[in-house]
Amino acid sequence: MSDRQISFPFSFEGTGGVGDTTDLTKQVQDHVVSVVGTQQGERVMLPTYGTNIMPYVFSAMTDMTELDIRQAIATAVQRDAPEVLLTSVDFDPDPTNGQLNLVVNYALSTSQGETQSATIPIALTS
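Remember, predicted model here, so these are calculated numbers, not experimental data. (Residues numbered from 1 in each chain as written. Predicted model: local features only at pLDDT ≥ 70, side-chain atom pairs only at ≥ 80, totals over all residues. Heavy atoms only, no water.)

1. Concerning the overall build of the protein chain
Definition in use: A helix here means a DSSP run of H or I that spans at least four residues, while a strand means a run of E at least two residues long, and both kinds are numbered starting from the N terminus. Values of the radius of gyration come from C-alpha atoms, whereas the globule rule sets the reference at 2.2 Å times the count of residues to the power 0.38.
In terms of helices and strands, the protein chain carries two helices and five strands. In the protein chain, the succession of α and β elements from N to C terminus is β-β-α-α-β-β-β. A compact globule built from 126 residues would reach a C-alpha radius of gyration of about 14 Å, and the protein chain, at 15 Å, matches this within 12%. Seen through its C-alpha atoms, the protein chain measures out along the principal axes to roughly 45 × 35 × 30 Å.

Printed below as a string of structure tokens:
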């Protein structure tokens, strides 16, 4: 990872410049969120970048659906973010707004096992 990267989500600073970060933890988290939140085919120059979890967004959650989502995320992270070691993907339903949050737990391959997590809202549960 470089010293300075555009911050995700994309934003502008008060001076009109593009928001960026030098925090490695934030850069890695942004990369994980980008990989998981990007549907394959969205990026013209990188058509295999991302996951294929969008078909599950409005489907009923079953054990098989959870397994499929975990596998899709594991495959995408291994391919698109090789510096990240995925440790687990957990599902955290938020009944107050009917949203399902993915909690992606990971470690940077160069860190000594320090686990980080990214929470990504993906669906309205049925």
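2. A look at the pairing of strand 3 (residues 84-94)
Side chains on a regular strand alternate between the two faces of the sheet. Our working definition: For two strands to be treated as a pair, DSSP must find at least two bridges joining them.
Across 10 bridges, the pairing between strand 3 and strand 4 (residues 99-108) is antiparallel. When the bridges of strand 4 are listed, V84 appears paired with L108. In this structure, the hairpin formed by strand 3 and strand 4 is closed by a connection of four residues, where G98 is found at a positive phi of approximately 70°.

3. Re the packing of aromatic side chains
Heads up, the rule is: Each pair of aromatic rings taken from Phe, Tyr and Trp, with Trp reduced to its six-membered ring, is defined by centres within 6.5 Å and is described as stacked if the planes are under 30 degrees apart, edge-to-face if over 60, and tilted in the remaining cases. Charge-over-ring contacts are defined here by two conditions on Lys NZ or Arg CZ: a distance within 6 Å of the ring centre and an angle within 35 degrees of the ring normal.
Taken as a whole, this structure holds zero aromatic pairs when the rule is applied. Directly above the ring of Y49 sits R43, whose terminal nitrogen or CZ lies 4.1 Å from the centroid.

4. A closer look at the packing of helix 1 (residues 24-37) against helix 2 (residues 63-80)
The test is simple: Every axis corresponds to a line fitted to the C-alpha atoms, with the helix fit spanning only the stretch in contact, and the corresponding angles, defined between N-to-C directions, vary from 0 to 180 degrees. We call two directions roughly parallel when the angle between them is under 35 degrees, roughly antiparallel when it is over 145, roughly perpendicular when it lies between 65 and 115, and oblique otherwise. It is the rotation of the near helix from the far one that decides the hand of a crossing: anticlockwise by less than a right angle makes it left-handed, clockwise makes it right-handed. Between two residues, a contact is recorded if the distance between any of their heavy atoms is within 4.5 Å.
Taken N-terminus to C-terminus, the directions of helix 1 and helix 2 make an angle of 125°; their axes are 10 Å apart at the nearest point. When the axis of helix 1 is compared with that of helix 2, the two are oblique. Two packed elements cross with a definite hand, and for helix 1 against helix 2 that hand is right-handed. Counted together, H31, V35 and V36 of helix 1 and I73, A76, V77 and D80 of helix 2 form the full contact between these two elements.

5. Some thoughts on helix 1
Applicable threshold: Given a helix with a known number of residues, its expected span is that number minus one, times 1.5 Å. Accessible area is worked out with a 1.4 Å probe on protein chains only. A residue is then buried under 20% of its type maximum, exposed over 50%, and partly exposed in between.
Taking 1.5 Å of rise per residue, 14 residues should cover 20 Å, and helix 1 covers 20 Å from first to last C-alpha, within 8% of that figure. Turning to helix 1, its buried residues number three or more, namely Q27, V28, D30, H31, V32, V33, S34, V35 and V36.

6. A closer look at the pattern of salt bridges
Rule in force here: Here, a salt bridge means any side-chain nitrogen of Lys or Arg that lies within 4 Å of a carboxyl oxygen of Asp or Glu.
One pass over the full model with this rule turns up three salt bridges. Notably, a salt bridge pairs D30 with K26, separated by 2.7 Å at the nearest N-O pair. One end of the pair, D30, and the other, K26, are both in helix 1, four residues apart, so they sit about a helical turn from each other. Residue classification places D30 among the buried positions, given a relative accessible area of 8%. Exposure remark for K26: the relative accessible area of 25% places this residue in the partly exposed category.

7. Some thoughts on the environment of Q99
What counts, and what does not: Each polar contact in these results corresponds to two N or O atoms within 3.5 Å; when the atoms are within protein, one needs to be able to donate a hydrogen and the other to accept it, and residues that are neighboring in sequence are counted only if both atoms are side-chain atoms.
As for its placement among the helices and strands, Q99 is situated in strand 4. Accessibility expressed as a relative area gives 23% for Q99, which makes it partly exposed. Put simply, Q99 and V57 are 42 residues apart on the chain and 10.0 Å apart in space, counted from C-alpha to C-alpha. Separated by 3.0 Å, the side chains of Q99 and N101 make a polar contact.

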